Amino acid sequence: MTPRPSSSGPDPKKTTGKKKTAGSGSGSGSGSGKRPAKAAAKKKAPRKATAGTAVAGSPALDAADRERLLTGTHHDPHAVLGAHRVPGGVAFRALRPYARAVTVLAGELRVELHDDGDGFFSGLAPLKEVPAHRLLVAYDGTEQEVEDPYRFLPTLGELDLHLIGEGRHEQLWRALGAHPTTHDGVAGTRFAVWAPNARGVRVAGGFNFWDGTAHPMRSLGSTGVWELFLPGVGAGELYKFEITRPDGSRTFRADPLARRTEVPPATSSVVHASDYTWGDEEWLAHRADAPAHEAPMSVYEVHLPSWRPGLTYRELAEQLPAYVADLGFTHVELMPVAEHPFGGSWGYQVTGFYAPTARLGDPDDFKYLVDRLHRAGIGVLMDWVPAHFPRDDWALAEFDGRPLYEHSDPLRAAHPDWGTLEFDFGRREVRNFLVANAVYWCEEFHIDGLRVDAVASMLYLDYSREPGRWTPNEHGGRENLDAVAFLQEMNATVYRRVPGVVTVAEESTAWDGVTRATHHKGPSGFGGLGFGLKWNMGWMHDSLEYMGREPVHRKYHHGELTFSMVYAYSENYVLPISHDEVVHGKRSLVSKMPGDWWQQRANERAYLGWMWAHPGKQLLFMGQEFAQGAEWSEAHGPDWWLLDPEYGAAADHRGVRDLVRDLNTVYRATPALWRRDTHPSGFAWVVGDAAEDNVLAFLRLDTDGTPLLAVSNFAPVVRSDYRLGVPDEVPAWHEVLNTDAARYGGGDVGNPHPVKPEAQGWHGRPASIRLTLPPLATVWLRPA
């Protein structure tokens, strides 16, 4: 990834007294912690009374409870508010700021409560049992009959709390967050949040004019979880948690497990209830038929907000599946869709880990997009960012007043490159938050795989840190043992719970065993990390270095292409030409190539042909499939106008796109190119040392030995009668793909007729063929 600064300024939707800093988001006042003036005017300010005073026999609260409720530091409001048996009957207490009067309604019984001041009301009824009751709350000019939230038992069970406490709740999103539900026959929303350092937590939202005074939550023991069921609150309501920190100050925080958010730069969480009906049963039924590393995988990487700027999830669903299917890709990889405050981060600085970005629609709209891709036969990978999070003070940073999601050691918490905070992978609740999040996207949104971002920054304690600026592990080493354990747990859990998914590591070092099973230890003594696939960053850097050189110099750098086969089977690899390689001055793929416009396109076509034949899965970023000359920008996306027939050079760009379509078509129909991607028996060099010629040739082999011959000529000259050694059991070879074909914009040099082997041995093989190798081109041949 290439991170960018997030909108780390203070939230305009809370009352901290801080000034708004440059770069911070702006938005509506729906989460400000202040009541809108118009609404406030409808209500009478509370009458003051001396704390703890009441008429004789009144069950008013004592001064300590009043103070704790008013300051948001009460850990058990249900013990004092609501209805409780006391000597002489049942005591009713309510906290309703700005109300003129509160009356308890219980069947035929009406009990008008005494106004104790500061929004407190109390009364005593001569009853033997606590009745089911409602409250009639009178304000200036209006009355509301409502349920009393403090008459309900907790909505979280002992098993949920036990699993949360152990850090083993694999469906954490079903326990924490905001959930519309019916509790004891009453419709409402239950809220739950983990904030173990908080002195108190209240719920604030549009339903209480962003004044959480009337809605304090209760602490559920040692788990650090706070809970409250609010009757009458339903889907679509905005909310935040008002947290009283250990120092007594208060902060308004978005819900870490919110499943829906406001559209940035607004920052409130939104109560969400999904009613989506999936239609991808057939896709899911066959998703696990073959492991990813033994199946074809050709990935089109997409930044959804800029693929077709302005389109919503549902509008994208009408265009993206058809486009990807037409080009023959097996999968799309979506750059992070989880909510993020700063669009320029491309989604890599997440604040809403459980919410698809609201910029393009609601969560059900995103489900619709995934569903339509599946129905088109396209798998969906999603970039997932568990390494770090931004410092926005309405989100996760020091969530409850102390380091919570981030590490308590500043040297471990602050990421030196991106100005963000790293997760504390050693804390079981934080690990649970992330492991459950990985499961969440796969189970709730039917995601087929997670590409895990910035794995190297997680694995090494000294990543981008100078000596003395990092803390060694317990053994004095640089490995982040907590991160290793987290990644192993995440992979094991996802693979166990969701058959057919794949996890992919963006890991840029030579860490041993990224795609090895977690229970198999390697030479380093670590078990494998358990990923299914790993991005081959070495292949990407070396091959692009080679292709960027003038052909006359390539013979001196031949090893930049052949070296990848030295380690090709050390991991299960993906060959990535991703967004990171076509931004920030790195130039687009075609613009990296030397020569004039014809040569640049020829070089790109030859490179793509070589890439698709090389062991490993392929990934190509949007825009590169039609040789866009400009770097990608999230502001306007791909230059689709290059394909417009009215544009004079459109044929040049359409030709490259036609090649990509044919590469995918032949690739998917040729098991030799993917069935043994991770086994040495699936590859054999024909010639790997023809540096003087700038030629490479190799065989890809299916499990039954059926070969495909791939030959690349990275010189700008035609090589006629070029002899290559081949197996003698193939009677003739037929050219099935030639990147120099005229329909792709090439010179149409090639081998139009079947080529028969000669008995002359060559390159250590018993037979040989003579080919015409077009300039700056790759050709594929199969047995005729």
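Further up the page is the structure itself.
What counts and what doesn't
- Residues numbered from 1 in each chain as written.
- Predicted model: local features only at pLDDT ≥ 70, side-chain atom pairs only at ≥ 80, totals over all residues.
- Heavy atoms only, no water.
- Helix = DSSP H or I, 4+ residues; strand = E, 2+ residues; numbered from the N terminus.
- Buried < 20%, exposed > 50% of the residue type's maximum accessible area, 1.4 Å probe, protein only.
- Polar contact = N/O pair within 3.5 Å; in protein donor to acceptor, adjacent residues only side chain to side chain.
- Contact = heavy atoms within 4.5 Å.
- Salt bridge = Lys/Arg side-chain N within 4 Å of Asp/Glu carboxyl O.
- Core = buried A, V, L, I, M, F, W, Y, C linked by side-chain atoms within 4.5 Å.
- Expected span 1.5 Å × (residues − 1).
- Pairing = 2+ DSSP bridges.

Considerations on the side chain of serine 298
Here is step 1 of the chain: As for its placement among the helices and strands, serine 298 is situated in strand β17 (residues 298-302).
Here is step 2 of the chain: Note on serine 298: relative accessible area 0%, which makes it buried.
Here is step 3 of the chain: One polar contact links serine 298 to asparagine 664, side chain to side chain, over a distance of 2.6 Å.
Here is step 4 of the chain: Aside from chain neighbours lying at most four places away, what touches serine 298 is Phe329, Thr330, His331, Trp612, Gln618, Asn664 and Tyr667.

Focus: the pattern of salt bridges
Here is step 1 of the chain: Within the structure shown, the criterion is met by 43 salt bridges.
Here is step 2 of the chain: For the salt bridge of glutamate 422 with arginine 465, the shortest nitrogen-to-oxygen distance reads 3.0 Å. In this pair, glutamate 422 is assigned in strand β23 (residues 421-422) and arginine 465 in the loop between α10 (455-459) and α11 (481-497), connecting sequence segments 43 residues apart.
Here is step 3 of the chain: Classification of glutamate 422 as buried rests on a relative accessible area of 6%.
Here is step 4 of the chain: Among the residues examined, arginine 465 registers a relative accessible area of 11% and is labelled buried.
Here is step 5 of the chain: Between arginine 549 and glutamate 560 there is a salt bridge, with the nearest N and O atoms lying 2.9 Å from each other. Taken together, the residues arginine 549 in the loop between α12 (537-547) and α13 (551-554) and glutamate 560 in helix α14 (residues 559-562) connect sequence positions 11 residues apart.
Here is step 6 of the chain: Judged by its relative accessible area of 22%, arginine 549 falls in the partly exposed class.

Considering the nonpolar core
Here is step 1 of the chain: Core analysis: the biggest nonpolar cluster contains 175 residues, and Leu304, Phe366 and Trp441 have the highest contact counts within it.
Here is step 2 of the chain: Excluding its chain neighbours within four sequence positions, the residues that come into contact with tryptophan 441 are Val337, Ala338, Phe353, Tyr354, Ala355, Pro356, Phe366, Met382, Trp384, His446, Ile447 and Leu450.

Examining helix α16 (residues 597-613)
Here is step 1 of the chain: Between the first and last C-alpha of α16 there are 25 Å, a value that for 17 residues agrees with the 24 Å anticipated at 1.5 Å per step.
Here is step 2 of the chain: Across the 17 residues of α16, 14 count as buried, placing the element largely inside the fold.
Here is step 3 of the chain: Near the N-terminus of α16, the side chain that reaches the backbone nitrogen of tryptophan 598, with its oxygen 3.2 Å away, is that of aspartate 596.

Here's the deal with the pairing of strand β7 (residues 134-139)
Here is step 1 of the chain: Counting buried positions over the six residues of β7 gives five, a clear majority of the element.
Here is step 2 of the chain: Note that β7 and strand β8 (residues 142-147) share six bridges and pair antiparallel. When the sheet's bridge partners are listed, arginine 134 is paired in β8 with glutamate 147.
Here is step 3 of the chain: Taking the residues that link successive antiparallel strands as the turn, the β7-β8 hairpin has two residues, and the phi of glycine 141 there is positive, at about 85 degrees.

Regarding the sheet that holds strand β13 (residues 225-231)
Two modes of strand pairing occur in sheets, parallel and antiparallel, and in both the strands are linked by backbone hydrogen bonds.
Here is step 1 of the chain: With antiparallel pairing, the four strands of this open sheet are ordered in space as β9-β10-β13-β12. Two strands close off the open sheet at either side, each with one partner strand: β9 (177-183) and β12 (218-219).
Here is step 2 of the chain: For β9 and strand β10 (residues 186-194), the ladder comprises seven bridges, and the chain directions are antiparallel. Bridging across to β10, proline 180 finds its partner in threonine 189.

Digging into the pairing of strand β6 (residues 120-125)
Here is step 1 of the chain: Counting buried positions along β6 yields five of six residues, so the element is predominantly enclosed.
Here is step 2 of the chain: In terms of strand pairing, strand β2 (residues 89-95) meets β6 through six bridges, oriented antiparallel. Paired with alanine 94 across the bridge in β6 is phenylalanine 121.
Here is step 3 of the chain: One ladder, built from three bridges, connects strand β5 (residues 114-117) with β6; its direction is antiparallel.

Digging into unusual backbone geometry
Here is step 1 of the chain: Between proline 264 and proline 265 the backbone carries a cis peptide bond, its omega angle lying at 15 degrees.
Here is step 2 of the chain: Within the fold, proline 265 resides in the loop between β15 (250-253) and β16 (269-270).
Here is step 3 of the chain: One non-glycine residue with positive phi stands out, namely histidine 446, at about 60 degrees.
Here is step 4 of the chain: One can find histidine 446 in the loop between α9 (428-444) and β24 (449-452).
Here is step 5 of the chain: Accessibility expressed as a relative area gives 12% for histidine 446, which makes it buried.

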